[in-house]
Structure formats: C-alpha cells, structure tokens
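Notes for the structure review
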Amino acid sequence: MFNRIAFFSKSLTRYQTIFKRYNHINNNIHPKILQKIDDITKNIINKENGSNIDLKHGSTSYDSSEIKQGTKLYNLYNTYNQMKQEKEELISLMELEDENQDGDKELIMEAKKELEELDSKFDNVKRQINTVYLLIEKYITEDQLPENLPKGCIIEIRPGVGGSEATIFTKDLFNMYTQLCNKKQWKYDIISAVNDENTATGMSEAIIEVNPVEGMELEDESASACYNYLRHETGVHRVQRVPETESKGRMHTSTSSVLVLPLHDKETKDAKAGILELTKSKDVRIEVMRSSGKGGQHVNTTNSAVKLTHEPTGITVYIQTERQQHRNKAKAFQLLYTRLKDQEEQASHSSEQSMRKNKVGNVDRSNKIRSYNYQSSRVSDHRLQQSVWQCNDLNGFISTDNINKWDELISSLEEEEFNSKLKAALNS
C-alpha cells in the first residue's frame, strides 16, 4: 500500500511539473500579440491575392515598413510553434521513459539537456516576438535597438548639492568609470578633467570619451557596446557617508549628475560635414583663454583653452586638456556636435525630452537614480523593484573590483526598461 501511495505521489508531482511546463508553453505570448499575428496572417493572404489592406485601419493605404515587421513577426511565430512542438515531443519522450521501469536513463538525461537548451532558444524567440511587436506599435524605433545604437559614448560628470563633498564624489565616480573601462577593455580619452579649486581631491567637471577597442575578439558582448552598457548611468547619483572633510563624524548626503551621450562615428561623411558646418556657423561663439588650475610647463601661460557657446540652444563646451589650442578646439567642436546630435534625436523620440537639461533633470536629492550608502555597504538603484545590491565592501563596487555586480545591475535595468515598454504597449 505504501509503495502504491509513493508511486501515485511521484506521478502526481511529475504530471504537475509537466502541466506547468505545458501551461508555460501555451500561455507564453500575450493575447494582444496573438491577435496582431492573426491580423498579419490575414494581411499576408490578402497581399498574395492582390489586395492592399492596411493592418491597423483597414484602409486602402499600405504601410510597407509595417508589413515588413509584420512578416518578420509572422515568421518568428512559426518558429515559436515549431519549438513548442519540439518541446512537447521531448516532454512526451521523457514521460514515457520515466514510466517504464526499464527506461533508458541516459536517454532521459540527454532529452533533459536538449530541453534546457531549447528553453533558452524558446525564450530568445519570445523576446524577439515582443520586440517586433513594440516596433509595429511604435513604442520603439529601429535605431533604438541595441544592435543599431552607436558603440561609443561620452560620459559627463558634474557635482550637485553637497559642496566640497559633492566634488569629491564626482572624482570617485570619475575613477569608477575609468576603472570600469579598464575592466571591460574599453579605450577611453579624458576630454575634460577640472579639479576643484577648494579641495585637493575633488573635481568640478569630468568628461570622458569611451570607445570599444577595434579588432579585438572578446567573449563579453558588452565589450563592443559601450553606450548600450553605460546609457543607464544617466541621472543623479547620491552618496551617503562621512566626508573626508567632516571633523565631527556626521553623515552627509551629496549628489553628482551623470550624463551619457551616444558618440556617433566622427569619421563618417555626415559627422564630418556636421562638425565642419559648426566650425563655420555664426551661431557658435568661440572664446580662447588661459587654462585654469594646475598644469604643465605651458598650460597656464598660453591661450590654449577653448570655450564654445551655441547661442540658439545655450549649450556650452569648455576644453583645456591639451596644450595646443587647435587640439582643444577640435575636441570642443566634436563634443558640441555630439550634444546637439543627441538633443535632436531626443526631440524626435520624445518632445518631453527635447532639451538636454530634461534628460539629466535637476541636480537635487529628490531626482536620483542610485544611492551609495557607505554606512550599510549598500548600493540601491531606485528604478528597480529589487534595487539593493549588498556589498561587503562598497568601495569594491565603486572601484569596480567586482564586475559581476555591474553586469547584474545593467542586465536588470535593461530588462526593467524592456518590460515597462511592453506593458505600456499591451495596456494601451
């Protein structure tokens, strides 16, 4: 009697597992997306029959780009169904072999391994289906796909509230990003690094250009996509700690702003033409002056620093890192072009983010994306539900000693961003 109960208990558990897996397979695609696929299927049939019917509105106008994406969605769904059938066959095989007392255990293990590999591919196809659906519904554009984003980027870091401690935190963030570049094997160039005049260890501005190293075969995909990895850093960063300048041991809260801009290839025809147009534009006011702060033998004795002001937008660029004025000017015009290009793209994607200042937001304690708490050794990203990364040594995170923490954080942010867009599209 005991053996029979044990058998039925084992069978029930097995069938519950199989039922859950089948349920997962059958309900993996949202009904709205299935309806869209059904509309597309009918549309393809109509097109083959010579009809010219619009997907959404049923009018005689025909959206070719929408049909292109629709056909891709249709083909992905066919692949999805083929994989679903393969999974069902594998599950049936495992079930039959498991029921047979003389079942081939080695065959079951091979089928299980194949099922795990198929699960991964299955999830990838589902992701592609959801992505194409977002494209069709115009919640994302082609140029926003990770594979189409510029590889390089520019990071700008500036102190916010907190006085001298904010400039010290800015220097810490500067060190964090440069060390991250080294860990990821990215090439970086310091465009601007202005030390704070009031503190020995603070910075009032830091601008870094980051690019992947060309010609290197790297296992880590993020090593060739700097901008896609770092773009989530845009926003206000907050630190909670006892500052070096605090004599009474009191906890302070300070902020720094980070802005990550996509860096378009400056060697392309369009980029060269855009930069050349800026150099000739009457809208750009050019000022030259002596570099400030500590420097080399000639840095403070010649008018090598360059300041550009784009009068229509109010965007200013100040570069003093090079000893030669013409090099500073070249860097300044490239940075100005990058900022203007980013502003133009933001305006095309969203009118609410048309101005550069709206992308960063106000540098205060309320508009923050991440907090670094030294007392409790905790990093909290406020865009995530599970936002806390417990670090035994917070300086280890700041100095990027543990790259897995970074990869985990960026992966979570990308997933949250994608899911929020998909949720908005499905609920509209």
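Comments concerning the overall build of the chain
- Summing up its helical and strand segments, the chain has 11 helices and 11 strands in all.
- A separation of at least 24 residues holds for 63% of the contacts in the chain among residues at least 6 apart in sequence.
- Of the roughly 24,100 Å² of accessible surface on the chain, 47% is carried by carbon and sulfur atoms.

Observations regarding a negative patch on the surface
- Together, Glu 86, Glu 89, Glu 106, Glu 110, Glu 114, Glu 116 and Glu 117 line one region of the surface with negative charge.
- Broken down by secondary-structure element, the contributors of at least two residues to the negative patch are α3 (64-99) and α4 (105-136).
- Residue contributions to the negative patch peak at five residues, all from α4.
- Checked against the element boundaries, Glu 89 lands in helix α3.

Here's the deal with the nonpolar core
- By size, the foremost hydrophobic cluster in this structure holds 35 residues, and its most contacted members are Ile 155, Ile 157, Tyr 177, Leu 230 and Tyr 372.
- At the level of secondary structure, the elements contributing two or more residues to this core comprise β1 (152-159), α5 (164-184), β3 (203-212), α6 (226-230), β5 (252-263), α10 (394-398) and α11 (403-427).
- A per-element tally of this core places α5 first, with seven residues.
- Here Ile 155 is in contact with Tyr 177, Ala 206, Ile 207, Ile 208, Val 210, Leu 230, Val 258, Leu 259 and Val 260, once residues within four sequence places are set aside.
- Listed in part, the 27 residues of the second largest apolar core include Leu 73, Tyr 80, Leu 115 and Leu 118.

Comments concerning the sheet that holds strand β10 (residues 378-381)
- Strand order in the open sheet made by the eight strands is β2-β3-β1-β5-β4-β9-β10-β11, with mixed pairing throughout. Single-partner strands in this sheet number two, and they are β2 (186-195) and β11 (388-390). Taken over all neighbouring pairs, the strand axes of this sheet differ in orientation by 20° on average, direction set aside.
- With three bridges joining them, β10 and β11 adopt antiparallel strand pairing. Looking at the pairing, Arg 378 lines up with Gln 390 of β11.
- The sheet strands contacting α11 are β9 (370-373), β10 and β11, and the helix crosses β11 at an angle near 170°.

Some remarks on the packing of aromatic side chains
- The tally for this structure, following the rule as stated, stands at six aromatic pairs.
- Summarising the aromatic geometry, the rings of Tyr 77 and Tyr 80 are spaced 5.8 Å apart at their centres and angled 15° between planes, so their arrangement reads as stacked. One end of the pair is Tyr 77 and the other is Tyr 80, both in helix α3 and three residues apart, which spans about a single turn.
- Residue Tyr 80 is classed as buried on the basis of its relative accessible area of 3%.
- Here Lys 87 stacks its cationic end above the ring of Phe 122, 4.2 Å away from the centre of that ring.
- The ring centre of Phe 418 lies 3.7 Å from the NZ or CZ of Arg 127, which sits over that ring.

Rules used in this analysis
Every residue gets a number counted from 1 within its own chain, in the order that chain's sequence is written. A pLDDT threshold of at least 70 governs which residues receive local features in this predicted model, and a stricter bar of 80 or more applies before side-chain atom pairs are shown or counted, although totals over entire chains, interfaces and linings include all residues. Just so you know, side-chain values use all the structure's heavy atoms and leave hydrogens and water out. The helix count covers DSSP runs of H or I at least four residues long, the strand count covers runs of E at least two residues long, and both are numbered beginning at the N terminus. We call two residues in contact when some of their heavy atoms are within 4.5 Å. Here the accessible surface of atoms and residues is derived via Shrake-Rupley with a 1.4 Å probe, and residues count as covered only by protein chains that are part of the display. Nonpolar side chains (Val, Leu, Ile, Met, Phe, Trp, Tyr) within 5 Å and like charges within 9 Å form the patches, drawn only from residues with over 30% relative accessible area and no salt bridge. Salt bridges are identified by distance alone: a Lys or Arg side-chain nitrogen within 4 Å of an Asp or Glu carboxyl oxygen. Only four residue types enter the tally: Lys and Arg on the positive side, Asp and Glu on the negative side; His and the chain ends are excluded. A charged residue contributes its charge at one atom only: NZ of Lys, CZ of Arg, CG of Asp or CD of Glu. Only buried residues count toward a nonpolar core. Its members are Ala, Val, Leu, Ile, Met, Phe, Trp, Tyr and Cys residues joined through side-chain atoms within 4.5 Å. Only protein chains enter the accessibility calculation, which uses a 1.4 Å probe; a residue is then buried when its area is under 20% of its type maximum, exposed when over 50%, and partly exposed in between. When DSSP finds two or more bridges between a pair of strands, those strands are recorded as paired. Comment: axis = line fitted to C-alpha atoms, over the contacting stretch for helices; angle = value between 0 and 180 degrees taken between N-to-C directions. Each pair of aromatic rings taken from Phe, Tyr and Trp, with Trp reduced to its six-membered ring, is defined by centres within 6.5 Å and is described as stacked if the planes are under 30 degrees apart, edge-to-face if over 60, and tilted in the remaining cases. For a ring to carry a charge above it, either NZ of a lysine or CZ of an arginine must fall within 6 Å of the ring centroid while also lying within 35 degrees of the normal to the ring plane.

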